[in-house]
Amino acid sequence: MNKPFDIDLAVKLIDEAVRPFPKAAMFELAEEGFNSPFEQLIACMISIRTYDEVSLPTARRLFARARTPAEVSKLTVAEIASLINTSTFFERKAAQIHEIALRIIDEYDGNLPCDSETLLSFPGVGPKCANLVLGIACGQPSISVDIHVHRVTNRWGYVKASAPEKTMAAIETKLPREHWIDINRLLVPFGKHICTGERPHCSTCPVLEMCQQVGVKDHR
Ligand code: SF4
């Protein structure tokens with residue numbers, strides 16, 4: 001019989017457990033100083049369907065050339081594409097990034113506002129990236145659910161949802177607000193290295209006693 005799931009304790013235990021592992025890409029970039037809403041938005045777009053190991057140096061390469069809407073708008077789409085060509089769908093992303101930079105200059109005087117509706121109005125930007133920007137760059141409590149957050153919280157039995165968007169809505173109704181930003185920061189490395197997609201490391205997992213291991217058929 002599992003103990004009831006104690007989210008405060010889980011956050012504390014997972015915070016300790018993920019310390020040896022690389023940070024989630026967006027948090028790593030923020031620590032390096034790429035923490036403006038625009039930089040976080042562009043880095044998140046670069047990271048879509050791209051491994052962190054690839055998207056981190058790709059974002060750094062673009063930012064070394066241009067890191068504000070004004071600087072990015074002066075590049076051609078082809079130049080942006082060649083700077084981010086290690087990212088998946090780089091040609092489409094380059095056109096979207098260029099369009100976003102131009103719109104920020106035209107409509108927002110060159111400064112991207114911390115506003116969910118604005119972020120979601122841009123091409124290629126969904127709730128995951130919008131919420132990461134709001135959480136990391138703007139300090140607004142917001143939950144970003146990627147595949148790791150989705151898989152882990154469903155395995156815990158904390159939520160029961162069939163897709164990341166549904167998990168996000170379910171978590172919003174029960175996760176205390178003080179954990180809203182941290183849940184992504186913690187569960188991305190936790191999902192990559194401990195509660196892995198295939199054969200999670202349950203035997204050494206710090207939250208095993210309270211986890212329902214929903215859907216886990218084989219583990220280490
Ligand atoms: S006990 Fe297993 S399924 Fe549950 S969180 Fe830990 S690694 Fe994941």
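Here is a short report on the structure shown in this document. All values derive from a computational prediction rather than experimental measurement. (Residues numbered from 1 in each chain as written. Predicted model: local features only at pLDDT ≥ 70, side-chain atom pairs only at ≥ 80, totals over all residues. Heavy atoms only, no water.)

Section: the packing of aromatic side chains
Aromatic rings in a pair are described by how distant their centres are and how their planes are angled relative to each other. In this structure the tally under the stated criterion is four aromatic pairs. A centroid spacing of 5.1 Å and a plane angle of 35° characterise the contact between Phe34 and Phe63, whose relative ring orientation is tilted. Linking Phe34 in the loop between helix 2 (25-31) and helix 3 (37-47) with Phe63 in helix 4 (residues 52-65), this pair joins segments that are 29 residues apart in sequence. In this pair, the class of Phe34 matches that of Phe63, namely buried. Grouping aromatic residues by their ring pairs yields a cluster made of Phe5, Trp156 and Tyr158. (Phe/Tyr/Trp six-rings, centres within 6.5 Å; stacked < 30°, edge-to-face > 60°. Helix = DSSP H or I, 4+ residues; strand = E, 2+ residues; numbered from the N terminus. Buried < 20%, exposed > 50% of the residue type's maximum accessible area, 1.4 Å probe, protein only.)

A short note on the nonpolar core
The biggest cluster of nonpolar side chains holds 42 residues, and the ones touching the most others in it are Phe38, Leu41, Ile42, Leu62, Ile97, Ile100 and Val125. Secondary structure elements with two or more residues in this core: helix 2, helix 3, helix 4, helix 6 (77-83), helix 7 (90-108) and helix 9 (127-137). Of all the elements, helix 3 adds the most residues to this core, at seven residues. With near-sequence residues (within four places) excluded, Leu62 lies in contact with Ile42, Ile46, Leu75, Leu83 and Ile84. Formed by 26 residues, the second largest nonpolar core is a distinct cluster that contains Ala10, Ile143, Ile171 and Val207. (Core = buried A, V, L, I, M, F, W, Y, C linked by side-chain atoms within 4.5 Å. Contact = heavy atoms within 4.5 Å.)

Observations concerning the site of the ligand
Every residue close to the ligand is listed here: Arg155, Trp156, Phe190, Cys195, Pro200, Cys202, Cys205, Val207, Leu208, Cys211 and Val216. Residues of the shell around the ligand, tallied by class, amount to ten nonpolar, no polar and one charged. (Near = heavy atom within 4 Å. Nonpolar A, V, L, I, M, F, W, Y, C, P; charged D, E, K, R; others polar.)

Focus: helix 3
Across the eleven residues of helix 3, eleven count as buried, placing the element largely inside the fold. All of the buried residues along helix 3 are Pro37, Phe38, Glu39, Gln40, Leu41, Ile42, Ala43, Cys44, Met45, Ile46 and Ser47. Where helix 3 is buried, its residues touch helix 2, helix 4, helix 5 (69-74), helix 7, helix 8 (116-120) and helix 9. Directly after helix 3, the chain includes Arg49, whose backbone phi takes a positive value near 55°.

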